[in-house]
Amino acid sequence: MQSAEEGFSNARNMASRMYPDDEQYESVFEERMADHFADAVARLEDGESVDSVLASYSAHEANELRGMLHISAHMAAIQHAPLPIRNPQRQVLRREQFMEQLLLERTRQELADPHLQATATPAGYRMAPPARRSERSKQAATARHGALGWWGALQELFTVGNMRLAPIAITLVLALTSALGLWQVSTASLPGDLTYPIKSWVKMMNLSMSDPARVGEVSAAAAETIQADFAESARRAAERKAAGEALDGIVHQESVYLVFEGYDGRLLKFGDIRVVPSWQPNVNDPASLPMVVEGDLQPGANVWLTVQILPGQADVVQGVRAEVQEAVTDSAPAPTAIPCTPRRPAGWGNYTVQRGDTLSALAVRSNASVRQIAGANCLESDVIIRGQLLYLPQAGIPPTATPTEVSTPGPGGTVPLP
Amino acid sequence: MMSRGQVYPLRQAPPSPVTDWSEEQLLEAATTYNEAALGELYDRYEARIFSYIYRRIGDEPLAEDLTAQVFVKMLQAIRDRRAWHSSFSGWLYRIAHNVVIDQYRQRDRHAQVGLDETPDIANENDNPALSAEASLTAESIRFAMRQLTDEQAEVLSLRFLEGYSIFEVAGLMNKTEGAIKALQYRAVATLRNLLEHEQLHL
């Protein structure tokens, strides 16, 4: 029997006697074979058997095709073999690294090309999609902002990335409009409003221009007003949620200037505001990303803090990013507490606070005292929030898939610590 | 003038989450290094690029590294619309293909210099789902694919390793369907010849 190659060349020889122009023939022949191969693969994919498919071709064509179909079948086997299971934590890490690369690349490009300006807020999970390019061309003066127009351009000036323009813009705006009018509007604004960044910026200016000895006072006052703003904003958000609005329309982010005072367990303290060092990119999904910290976060540091405010929760917000603005000097206010490092005592494990948990209930379940748990976790108050990580005695941690680790207390009973 | 409590500015449609945007909108925003848009693009394509690279090389940790490289390269070139305007995913696959080829070239260079520590990609296939014999064949196929031209390897990867149709591959590679058929035919015929010379029982 002929080998596939022999058969192939015989067919070509035979055909070349019929078609004197070799070049033209070869491409016609190959084209036909390419079509045959494509058809044969399609038929196999539809479920036909190899023999049935090959039966519709001449002997030498079938020989040619058989080997090729085997190869494509083996390649399909690679395709259908299950992919390796990837480590989800590593995936989050890799995504973070990608975002860092993004900022690096953007900075690099901005240095090279000053006309490039990042649009919208960095954390803008909610924003208007850019208009199509045909509309954009109409707005030559604001070309770099898309079709948002002069209004959008004005907004853009107040976004985080362009804060360096804010003083100029604000002076201009104040000069053009009634100084009192804008000031009043800005003082009345809340996170999410257009003029809230003016308020934050004004506070920041107050902070930096104030007598160092009084910074502590100013900071506390600033934190109080910001906290009041957050509370009001959270209250409004809760109303909207109660009215049935979708969560991801209500939750939003805002950035403010605050002085970092230290840790309360794992939470960061800014006055009476507590910030969780992680946030949910998708509020309907409990998965969260760690808060990005830039600079040396020490008590007394001025921080440009980006947070995500959740409906109803006034005192605790999710931290997205903390950028330390200046080095801590000796005249920085003394923090109210020396930072304490949470330590896991021997025999204790990690526990994620669930909805409805309270510190006293966990203490009872663990057969430990609130003081012990607070001490190990450096908690300053008994406020704990869902998703917070705590060290707890093993007895206080509900059993997981490996029942050998923990013994569950019977109903109403407690288990003595090992 | 400005109403209190409003989350979004006036004179615009209410904003939508990035997950709802069309690819055109995402790419438009991506050219200005908009973080949310680029993050969304990453989320939409990362798994596909990983599986493409993994199926080409069969080595999971290396595939993870190379996937990350692909997206770094994407960031470096995203501002140049001409690069990806015909097909963004096709462009990404092309970057992935080149990253794989570069990786092989590096390995070959190391092998020539005699650095024994660098593992041979062709032998690192610990996918337990394929039987021993099938693994051998997968390895051989991967190795043989390195002898193909760039375009032939790309067509085979997209068509048979990723499962795109001829029509889809034509879109990704910005070619006619006829050209894709010709490429796939030539590529598989070459593979068959190479593997028959290896005397592999198919």
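Here, every reference points to the structure presented above.
Structure report, in brief. (Residues numbered from 1 in each chain as written. Chains lettered and ligands numbered in written order. Predicted model: local features only at pLDDT ≥ 70, side-chain atom pairs only at ≥ 80, totals over all residues.)

1. Digging into the overall build of chain B
So, point 1. A count of helical and extended segments in chain B gives nine helices and one strand.
So, point 2. Secondary structure elements of chain B occur, N-terminal to C-terminal, as β-α-α-α-α-α-α-α-α-α.
So, point 3. Out of the 202 residues belonging to chain B, those deemed buried represent 40%.
So, point 4. Partitioning the contacts of chain B with sequence separation of at least 6, the portion at a separation of at least 24 is 55%. (Helix = DSSP H or I, 4+ residues; strand = E, 2+ residues; numbered from the N terminus. Buried ≥ 20, exposed ≤ 12 C-beta atoms within 10 Å, placed from the backbone. Contact = placed C-beta atoms within 7 Å.)

2. Some details on the pairing of strand β9 (residues 302–309) of chain A
All names here are of chain A.
So, point 1. Most of β9 sits inside the fold, with seven of its eight residues counted as buried.
So, point 2. Here strand β2 (residues 252–259) pairs with β9 via eight bridges, running antiparallel. Pairing of Gln253 across the sheet is with Gln308, part of β9. (Pairing = 2+ DSSP bridges.)

3. Some details on helix α2 (residues 35–57) of chain B
Residue and element names in this part refer to chain B.
So, point 1. Its 23 residues give α2 an end-to-end C-alpha distance of 31 Å, which sits within 8% of 33 Å, the value for a rise of 1.5 Å per residue.
So, point 2. At Tyr45, α2 shows its strongest bend, of approximately 40°.
So, point 3. Looking one or two places after α2, you find Gly58, whose phi comes out positive at around 70°. (Expected span 1.5 Å × (residues − 1). Bend = angle between axes of the 7 residues up to and from the residue.)

4. Section: the nonpolar core
Across soluble globular proteins, nonpolar side chains have a tendency to be buried as a group.
So, point 1. Counting 70 residues, the largest nonpolar core has Phe37 of chain A together with Ile53, Val70, Leu92 and Ala96 of chain B as the members making the most contacts within it.
So, point 2. Every residue in contact with Ile53 of chain B, bar those within four places of it in the chain, is listed here: Ala63, Leu66, Thr67, Ala96 and Val100 of chain B.
So, point 3. With 29 residues, the next largest nonpolar core counts Phe230, Val256, Ala301 and Val317 of chain A among its residues. (Core = buried A, V, L, I, M, F, W, Y, C linked by C-beta atoms within 7 Å.)

5. Some remarks on helix α1 (residues 23–30) of chain B
So, point 1. Every buried residue of α1 of chain B is accounted for by Leu26, Glu28, Ala29 and Ala30 of chain B.
So, point 2. Buried residues belonging to α1 of chain B abut α2 of chain B.

6. Quick word on the pairing of strand β10 (residues 316–324) of chain A
Residues and elements named next belong to chain A.
So, point 1. Both strand β5 (residues 273–276) and β10 contribute to a ladder of three bridges, which runs parallel. When the sheet's bridge partners are listed, Arg274 is paired in β10 with Val316.
So, point 2. Note that strand β8 (residues 292–294) and β10 share three bridges and pair parallel. Opposite Glu294, over in β10, you have Glu323 as the bridge partner.

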